[in-house]
Amino acid sequence: MAETDLPGLRTDDIRAYLDEVITPVEMGWAPHRNLFRVYRLPIECTAHDVDAALTSIPAFWGEPELREHTRAVERLRRGHSMATRVLTDPGERSAHWAAVAAERIALAKVVDQFLRSAPGMPAVAVAALVRQSAGRWSRPDVLAALEQHRASEREPASVDFTPDTLRSRQVADALADLGIPSLWEYLTRRLPGPNIHADALRRRRRQLRARRGIDVDSEQRILKVVEQALEEPGGLGPLLRYEFLTELSVAVLLSYQEVRFLAAADPQRSVASGLPRDPETLAYAVWCRRMHRSNWEFDYAQAVADGRLHAALAVLSSRRLDEEWERVRDRLAGTVDRLVAELAAARELEDTAPEDAAARYLAAGRELTDPAIDSGLRRCPAAAPAEVWVRSHHDGVVITWPETASTAGRLTYRVSRAGTVLAHDTDALTFSDVPPFGVPTTYSVQTLRNGVPGGTAHSEEVVLAPEVLDLTVEATMVSLHGRWRLPPGAVGASVTRIAPSGATAETPAPDGTGFDDTTVVPGVQYRYVVRARYPGRAGKPEDSTGLSVYGECPGNPRQVTDLRASLAGDTVELAWSRQSGTPVTIRVAPDGVAPAPQVLAAADAVIAGRVVAVSDTGRALVPLADLAGQRVLVPATVSGPLAAIGPATRVAPPLEAVSGLHARRFGPQVVLTWQWPMWATDVRVVWRADEPPTGPLDPQANAVEISRSAYSGRGARITADLPGEHWFGVSVVDSGRFGPMATVSSTRMREVPYTVRRAAWWRRGGLLVAVHSDEPAPDIAVVAKSGSRPLVPEDGVEILRLPAPGTTAPVRFRVPRELRRPVFLRAFSLDETVALAHPDPLFLVVP
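Note that the structure is predicted; figures quoted are calculated from it, not measured. (Residues numbered from 1 in each chain as written. Predicted model: local features only at pLDDT ≥ 70, side-chain atom pairs only at ≥ 80, totals over all residues. Heavy atoms only, no water.)

**Student:** Help me understand the packing of aromatic side chains, please; the structure alone is not making it clear to me.
**Tutor:** What describes a pair of aromatic rings is the distance from one ring centre to the other and the angle between the planes of the rings. Under the defined criterion, the tally for this structure stands at 11 aromatic pairs. Residues W674 and Y711 carry aromatic rings whose centres are separated by 4.6 Å and whose planes lie at 35 degrees to one another, so their mutual orientation is tilted. Highlighted residues: W674 in strand β28 (residues 669–675) and Y711 in helix α24 (residues 708–714), separated in sequence by 37 residues. For the pair shown, W674 and Y711 are each scored as buried. Three or more aromatic residues joined by ring pairs make a cluster, and in this case those are W484, F515 and Y528. (Phe/Tyr/Trp six-rings, centres within 6.5 Å; stacked < 30°, edge-to-face > 60°. Helix = DSSP H or I, 4+ residues; strand = E, 2+ residues; numbered from the N terminus. Buried < 20%, exposed > 50% of the residue type's maximum accessible area, 1.4 Å probe, protein only.)

Rendered as structure tokens:
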């Protein structure tokens, strides 16, 4: 079978296809090197030829005779997609044929080097060449190259190559002394030829007795060897055969033609030597012996490595071996006999215990490569999974199955969809796939035992029909409009409208991507079920399950009358009665003033304030930060061009205490500061002398209310001019409710005034300080500082100290000259319970 044959295979082509494609693939040949041979295509093939071959050849791989060769068939199946791409494209097909032709030319040159005018090559030489090419060429390639050289695969005749012996060496030495090239020439020149007898030898000896010299001694030795050889059963045949074969072997170094010329020179010599009379037969046998010498040790090792123990035993049994190799042969024979017995025992168990039989076949297969093992495994198929489940997942399906009940061997699975293999060999129990949308599909899972197909389980029929995408419905005052996108594979969509009463109606979707429903009633909510439509099988369309969406034409909007607000941490939770899908906006009333409930234009709804939430579910969450301290929330329902403003609700925050309350006295006034709680807008400040207020409404305390905005502008200043301790309380107030009260105290100290003036003019540079108090004065220090007013006694130079209880008379003092002018003066009380009342700062500066 050649690639020039017509496409397609007949039943009687199986053996040829095995020899030319299957067996080379099993031996390592890559099918992509010659797709014309694999698919039985001629060189000048048409598109019709290619299509026919790509259909018929893969179907032929399923023939029982080919299925046995699992590894080769699987390799062909894996390369089918690549072969389809190459062969169906005219450009790639032409380039592939050019590559095939180039390979033929290269192989022809190689074969020519092997032949050297010989009429053929033995099978061992062909196999060696294929093996050396490492998958580049196959046996059919080599046979085709031989045919190009008018040669063929040809086995040589069996010739007994006599080994070198002591006699042959003695004869060669003696002939060298005589100058005669061969024993055959000696016999034909000096004796009556090879058919001599004892009388002829005696006559020749008598002739030699009359002579003397080295030549005579050498010839006597030859005659003695000849005489001894004639006494043996083979006569002179072994000596003549060794001599003639040696001459032919030397001629091999020159060319095959030299060997053939020498073999044909004297046919009688071939007969006398016990060799084939036909010179072509003799020459080819010697040529193959020398040029294609069999390396039996390599052949043995390769056969053992490949598990071909029968072939290894045949190699050892076909030749003489030394004792060590004989022991190897005997051990190998025992192993082969044991494995043959194992195979026979497995064959007996196939019907009663197929799992045990498979285990025995697999155990034997670990040592032996034999077609009987693969055949036995096919007769003991692994059990199929109990069931196959298929479920939808996103835009695909997930296929799952339980483990097979079989236990022997490496168990894997082959997953197929409608005859297409998706996973050739997987040990997982799940597989994902994206089948054609809208087409009823079944999946099958086949158990493999060490790659040998077993039982198959099938799933129920499944139809994957994804839903439409981005489904939306928009409403006008008199109609509803639906829009969506079709998923891949969909050819259209169907729409069913369901009214609140349960009545259904089919809504047309002309282009398959939307509908326009003008038969709706305003204010009535409809449910639309949209299903994607797929071609299906046999002209029967398949629809998806469907997605639902609601739509309603706006009537007069309905007010939300039950808006409720509650605090949950930093979030305001809002709830109200749902308005049938109509969106409700929640607005914050500006400055806490909400408009009256009313229906107005949607654009005028801004009078209710800014929007903080929109929802059509009857619930919403608003972060406290979004309210910015405001507490009045207004619901507004929008329906088309109108909006209905409902009653406002007020967020009732918890009344928390102010924090960080602090009192700072400035003479008779006390400045209060604090941190406002988030929701506080007003506080009540109460104060009294001697003891803390009892509460915000203490009748014995003075009180004033301060708003947050007044506090931000003017602060909180309280006049408390009576001496002694004053207590202040601050409470958050909201609609007559008071929060917890924070308190702080401030004590007004006793004040002692003093004055500083210049002395009389004649007291140049002098100053007078006088303390004015009816009560005893404390220790007083007068401090001076250059450039700025001293703030504490240590902030300058003490230039005068007035001890207690003091005097009302003025005390004269001078400012040191070393102080740089201007000099600022200030008196400090050294008693913490008494404060000094300072005069006008202008009187405390010395220029």
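**Student:** I would appreciate a short explanation of the sheet that holds strand β23 (residues 619–623) in the present structure.
**Tutor:** Strand pairing in a sheet relies on backbone hydrogen bonds. The paired strands run either parallel or antiparallel. Taken in spatial order, the 3 strands line up as β18-β19-β23 in an open sheet, and their pairing is antiparallel. The open sheet is flanked by β18 (564–568) and β23, the only strands paired with a single partner. On average, each strand axis in the sheet is tilted by 25 degrees relative to the strand beside it, whichever way the strands run. Inspection of the sheet shows strand β19 (residues 571–575) paired to β23 by 5 bridges, in the antiparallel sense. Residue pairing in the sheet places A575 in a bridge with R619 of β23. (Pairing = 2+ DSSP bridges. Axes fitted to C-alpha atoms, helices over the stretch in contact; angles between N-to-C directions.)

**Student:** Would you take a moment to explain the pattern of salt bridges for this structure?
**Tutor:** Think of it this way: side chains of opposite charge can pair up when their charged atoms draw near. Tallying each qualifying case throughout the model produces 28 salt bridges. The partner of R564 in a salt bridge is D562, and the shortest N-O contact between them spans 3.5 Å. It is possible to trace a salt-bridge network through shared partners that takes in E243, E247 and R269. (Salt bridge = Lys/Arg side-chain N within 4 Å of Asp/Glu carboxyl O.)

**Student:** For this particular structure, what's the right way to read helix α8 (residues 123–132)?
**Tutor:** Owing to its 3.6 residues per turn, the α-helix aligns residues three or four sequence positions apart on the same side. Every buried residue of α8 is listed here: A125, V126, A128, L129 and V130. Its buried side turned inward, α8 meets α7 (90–115), β1 (120–121), α9 (139–148) and β2 (152–153). Looking one or two places after α8, you find A134, whose phi comes out positive at around 55 degrees. (Contact = heavy atoms within 4.5 Å.)

**Student:** What am I meant to see in the sheet that holds strand β38 (residues 811–814) here?
**Tutor:** With respect to topology, 4 strands assemble into an open sheet ordered β38-β35-β34-β40, the strand pairing being mixed. Strands with a single pairing partner mark the edges of an open sheet, and in this sheet they are β38 and β40 (834–837). Here the average twist between neighbouring strands, direction ignored, is 30 degrees. With 4 bridges connecting them, strand β35 (residues 766–771) and β38 associate as antiparallel partners. Looking at β38, one finds that G766 is bridged to R814.

**Student:** Teacher, can you tell me more about the pairing of strand β3 (residues 389–393) here?
**Tutor:** By the bridge criterion, 5 bridges tie β3 to strand β4 (residues 396–400) in an arrangement that is antiparallel. The residue of β4 that forms the bridge with W389 is T400. Between β3 and β4, which follow one another and run antiparallel, lie 2 residues, and H394 among them has a positive phi close to 55 degrees.

**Student:** Is there a simple way to think about helix α18 (residues 296–305) in this case?
**Tutor:** Within the sequence span of α18, burial applies to W296, Y300 and A303. Around the axis of α18, the buried residues are gathered within 70 degrees of arc, so they sit on the same side. Turning to α18, the residues buried within the fold contact α19 (309–317) and α20 (323–349). Of the residues trailing α18, G307 is marked for its positive phi of about 80 degrees. (Arc of directions from axis to C-beta.)

**Student:** I tried to follow the side chain of R688 on my own but got confused; where do I start?
**Tutor:** Counting through the fold element by element, R688 comes out in strand β29 (residues 682–689). With relative accessibility at 15%, the residue R688 sits in the buried group. Reaching out from R688, the side chain makes a polar contact with the side chain of D698 at a distance of 3.0 Å. Not counting the four nearest positions on each side in its chain, R688 is found in contact with P693, D698, Q700, A701, H726 and W727. (Polar contact = N/O pair within 3.5 Å; in protein donor to acceptor, adjacent residues only side chain to side chain.)

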